[in-house]
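Survey of secondary and tertiary structure
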Amino acid sequence: MFVEGKMKKILYIIILLVVVASLFGCNKTEQKQESKMEVNSATENEVKANNIEEPVSGYVASFPENYTAVVENVEFDMEIVVDADLMQEGLISGKATLQKVNEDIAFEHLFEGISDYEVYTYEGENEFGETVDSVAYRKPMDTYDIQFTYGPESSKLGYYRDSYYIKTTFIADTKDERYNADLFSKEADLSFMSRSEAFKMVENLLKEIGIEAEYEYVGYALNYETMQSEEYHEDINGNVDKSAYKEQWSKEDDSYYFFINQMYRQLPVYYKYYELFTEVTDMNMPIQAIVAKDGIRELDIQKVFTFSKEKEIEEIASIEEITATVADKFNQILGTGAYEMTEARLYYYVDVASGQGEYEVKPVWIIKGTEKKGGQSVQIIIDAQNAKEILP
């Protein structure tokens, strides 16, 4: 009986210990869970305190600010330019169509008060492959004509007034031996109006005539003293033609020359300019304008697009894959030339050869550099998704 009572007592103690251990374990688990919740809450508060938002759905990428490497004859010392905040604006592919300029409103604004003009109508092919009428208005003047044209493509418009001497004196084409754009400031303001005010004048007119977009631009301040010293005209035999020079330059000729590019989802837009020029330069920007004290003297609009999103991009090539394609291309060029790549910038590419009236849109890298020996500029376009070269 004693042994039996002792065994019952031992069994009771064992059961009691098991229950206590179980309760202790549960309490410990609850403490862990509570601690985990506090950490999560702290993290959420930290995110809110630092104004950090969750990224958009779809693929999000980050890139270094610079990339350096040497692959045989190709040296990379590149600035990596990504204008968009890809944590908020994921990359997409989509479609683009041309915006439609309102030529009637444009005519009212730009040709207001002009009479005795000539009208020319001609046929041309629009972006849909249709034959349509285009119109040109011309007012003959002593040393220049005032012209207004539109079509045949929906967004195409041209206006030119008293800009002849400016355009023949200011040379922005880097391949022209008379290139002189570097003599004019891209930061200083002219006395009649600030650069931002002058651009706003252009932007407001674009909006009024039906062209609405986000833009980036460079604006050269053309002072009349420098233009006067740079003026040069030749006759048909290549000799200096003093009779063609402007009679007098003055502050009334001070002007801003704007080269304007469209932006989409915070990235610059690229397309083959005039279906001919592939290089990204000021000269190949789709909107160009001259603004003087007496208003807009020139406005040239080529292609400006409306975009539609098709799908979010889930995968993108690395910078290493992109540069491998670049190196492979230039290392296969015959000769002993060496190349230095200095910039890689992310664009949205509109493939204007991909359809009639509706075009494919996708992100690309445009890599720019120079041939070391001759200093000639080079450019290559790489598909941001598969790292393959694109020939526009």
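Here goes a summary of the coordinates provided. (Residues numbered from 1 in each chain as written. Predicted model: local features only at pLDDT ≥ 70, side-chain atom pairs only at ≥ 80, totals over all residues. Heavy atoms only, no water.)

Taken together, Tyr 274, Leu 276 and Phe 277 make up a surface patch of nonpolar side chains, about 320 Å² in accessible area. By the element assignment, Leu 276 lies in the loop between strand 10 (267–270) and strand 11 (287–292). (Patch = residues over 30% accessible without salt bridge, like charges linked within 9 Å, V, L, I, M, F, W, Y side chains within 5 Å. Areas by Shrake-Rupley, 256 points an atom, 1.4 Å probe, with all protein chains shown as cover. Salt bridge = Lys/Arg side-chain N within 4 Å of Asp/Glu carboxyl O. Helix = DSSP H or I, 4+ residues; strand = E, 2+ residues; numbered from the N terminus.)

Attention now moves to a negative patch on the surface. A cluster of acidic side chains, namely Asp 173, Asp 176, Glu 177 and Glu 234, defines a negative patch on the protein surface. Topologically, Glu 177 is positioned in the loop between helix 3 (164–169) and helix 4 (195–208). Given the relative accessible area of 80%, Glu 177 is considered exposed. (Lys, Arg positive; Asp, Glu negative; His and termini not counted. Charge placed at Lys NZ, Arg CZ, Asp CG, Glu CD. Buried < 20%, exposed > 50% of the residue type's maximum accessible area, 1.4 Å probe, protein only.)

What follows covers the packing of aromatic side chains. The final tally for this structure, using the stated rule, is 34 aromatic pairs. Residues Tyr 164 and Tyr 165 carry aromatic rings whose centres are separated by 5.1 Å and whose planes lie at 75° to one another, so their mutual orientation is edge-to-face. Taking the relative accessible area as the measure of exposure, Tyr 165 reaches 13% and is therefore buried. Pairwise contacts between aromatic rings join Phe 107, Phe 111, Tyr 117, Tyr 137, Phe 148 and Tyr 150 into one cluster. The ring of Tyr 245 carries Lys 242 above its face, with NZ or CZ at 4.8 Å from the centroid. Across the ring face of Tyr 347, the terminal group of Arg 345 is positioned such that the distance to the ring centre comes to 5.5 Å. (Phe/Tyr/Trp six-rings, centres within 6.5 Å; stacked < 30°, edge-to-face > 60°. Lys NZ or Arg CZ within 6 Å of the ring centre and 35° of its normal.)

Before going further, it helps to examine the side chain of Asn 261. One can find Asn 261 in strand 9 (residues 255–264). Contacts of Asn 261, omitting those with residues within four sequence positions, involve Glu 214, Tyr 215, Glu 216, Pro 268, Val 269, Met 285 and Pro 286. (Contact = heavy atoms within 4.5 Å.)

Our focus in this paragraph is the nonpolar core. Formed by 42 residues in total, the largest nonpolar core has its most connected members in Phe 305, Met 341, Val 350, Trp 365 and Ile 367. At the level of elements, strand 2 (74–81), strand 3 (92–98), strand 10, strand 13 (305–312), helix 6 (319–331), strand 14 (339–351), strand 15 (359–371) and strand 16 (377–383) are the ones that each hand at least two residues to this core. Broken down by element, the residue count for this core peaks at six residues, all from strand 14. Excluding residues within four positions of it along the chain, Ile 367 makes contact with Met 78, Ile 322, Val 326, Met 341, Glu 343, Ala 344, Val 378, Gln 379, Ile 380 and Ile 382. Counting residues in each nonpolar core, the second largest holds 36 residues, with Phe 107, Val 135, Ala 213 and Tyr 215 among its members. (Core = buried A, V, L, I, M, F, W, Y, C linked by side-chain atoms within 4.5 Å.)

Further remarks concern the pattern of salt bridges. Going through the model one piece at a time under the given rule, you end up with 22 salt bridges. A salt bridge links Lys 329 to Glu 389; the nearest nitrogen and oxygen atoms lie 3.2 Å apart. Taken together, the positions of Lys 329 in helix 6 and Glu 389 in strand 17 (residues 389–390) put the pair 60 residues apart, joining distant regions of the chain. On the basis of relative accessibility, which here comes to 30%, the residue Lys 329 falls in the partly exposed class.

If you check which residues of helix 2 (residues 103–110) are buried, you get Glu 103, Ala 106, Phe 107 and Leu 110. All buried residues of helix 2 fall inside an arc of 100° around its axis, so they share one side. Relative to its buried face, helix 2 has exposed residues pointing more than 90 degrees away, namely Asp 104 and Glu 108. For helix 2, the elements touching its buried residues are strand 5 (131–139), strand 6 (146–150), strand 7 (157–160) and helix 4. (Arc of directions from axis to C-beta.)

Mapped onto the elements of the fold, Asn 331 is located in helix 6. Sequence-distant contacts of Asn 331, that is, excluding residues within four places in its chain, are made with Val 71, Glu 72, Asn 73 and Val 74.

What follows covers the environment of Gln 248. For Gln 248, the position within the fold is in the loop between helix 5 (224–230) and strand 9. Assessed through its relative accessible area of 61%, Gln 248 is described here as exposed. On a C-alpha basis, the gap between Gln 248 and Gln 228 in space is 8.7 Å, while along the polypeptide they are 20 residues apart.

Positionally, Asp 83 belongs in the loop between strand 2 and strand 3. Judged by its relative accessible area of 35%, Asp 83 falls in the partly exposed class. Through-space distance from the C-alpha of Asp 83 to that of Met 263 is 9.8 Å; in sequence the pair is 180 residues apart. In terms of polar contacts, Asp 83 uses its side chain to reach the side chain of Arg 345, at 2.9 Å. (Polar contact = N/O pair within 3.5 Å; in protein donor to acceptor, adjacent residues only side chain to side chain.)

On to the pairing of strand 4 (residues 118–125). Here strand 4 runs beside strand 5; their pairing, made up of eight bridges, is antiparallel. Residue Tyr 122 lies in a different strand from strand 5, and its bridge partner there is Ser 134. Connecting the antiparallel pair strand 4 and strand 5 is a turn made up of five residues, with Gly 129 showing a positive phi of about 80°. (Pairing = 2+ DSSP bridges.)

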